[in-house]
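Close look at the chain arrangement
One letter stands for each residue in the lines below.
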Amino acid sequence: RLTVARAVAWIEPAGNPGVSLLIALLGRGPAMVRPAAADALSELGNAPPESLAALLRHVEDPDPRIRKLALEGLERGARKGAEIPARVFVLLRDTDRDVRERAWTLLQVAPEAARTLIPQCREALKSMDAEQCRVAISALRWVKGGAAESLPALLPFLSSKDSDVRMATANCLGSAGAAAK
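The following refers to the structure shown. (Residues numbered from 1 in each chain as written. Predicted model: local features only at pLDDT ≥ 70, side-chain atom pairs only at ≥ 80, totals over all residues. Heavy atoms only, no water.)

When its volume is computed, the largest pocket comes out at roughly 240 Å³. For the lining of the largest pocket, the secondary structure elements donating two or more residues are α8 (118-124) and α9 (130-142). The leading source of residues in the lining of the largest pocket is α9, at 4 residues. Each residue belonging to the lining of the largest pocket can be placed in one class, and the counts come to 10 nonpolar, 2 polar and 2 charged. (1 Å grid on protein atoms, 1.4 Å probe; cavity = no way out; pocket = protein on both sides within 12 Å on 5 of 7 lines; lining within 4 Å. Points joined across faces, edges and corners; volume = space filled by probe spheres on them. Helix = DSSP H or I, 4+ residues; strand = E, 2+ residues; numbered from the N terminus. Nonpolar A, V, L, I, M, F, W, Y, C, P; charged D, E, K, R; others polar.)

Have a look at this one:
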């Protein structure tokens, strides 16, 4: 069924029964089939709205393979102009490295959604947790205007005890300077 659904979905994705079957398999399919269904949905060339909605529902799936594939599909949709809600960026701190990397890539291709992260990043800078600060600083680097708008909050991190935080801060401030030229 999965192979047939994938083939049918590629022929004409929008409103297609193959897409509907893939969505159903992603949501309620056997554990072995769910990643394949997520993969098929993420690869659809025209990224129909119903497949993007299904992928969005699974960005917080317990299975890291599903989360990663959902982000890949959302990235393809973002490259074609689909709006991406900012809530997917919680995955910048996911426990799975592949999921985090996909979230970073999505952050870079969905700049308007990413701009809503600026207040959350500034709030995270108040944390004493070095990893949380590093992630927030790195996110501000990639969000258009994030570094420039957060300059006063970033400066103290140049003297952080954590070398990764200092490096992220220097990179972030460098990107703010480059954007100003």
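Examined against the element boundaries, R57 turns out to sit in helix α4 (residues 49-57). Given the relative accessible area of 54%, R57 is considered exposed. The spatial distance from the C-alpha of R57 to the C-alpha of R67 is 9.7 Å, given a sequence separation of 10 residues. (Buried < 20%, exposed > 50% of the residue type's maximum accessible area, 1.4 Å probe, protein only.)

Once that is clear, we can look at α9. The terminal C-alpha atoms of α9 lie 19 Å apart, and with 13 residues this matches the ideal 18 Å at 1.5 Å per residue to within 8%. When α9 is considered as a whole, its buried residues turn out to be C133, V135, A136, I137, S138, A139 and L140. (Expected span 1.5 Å × (residues − 1).)

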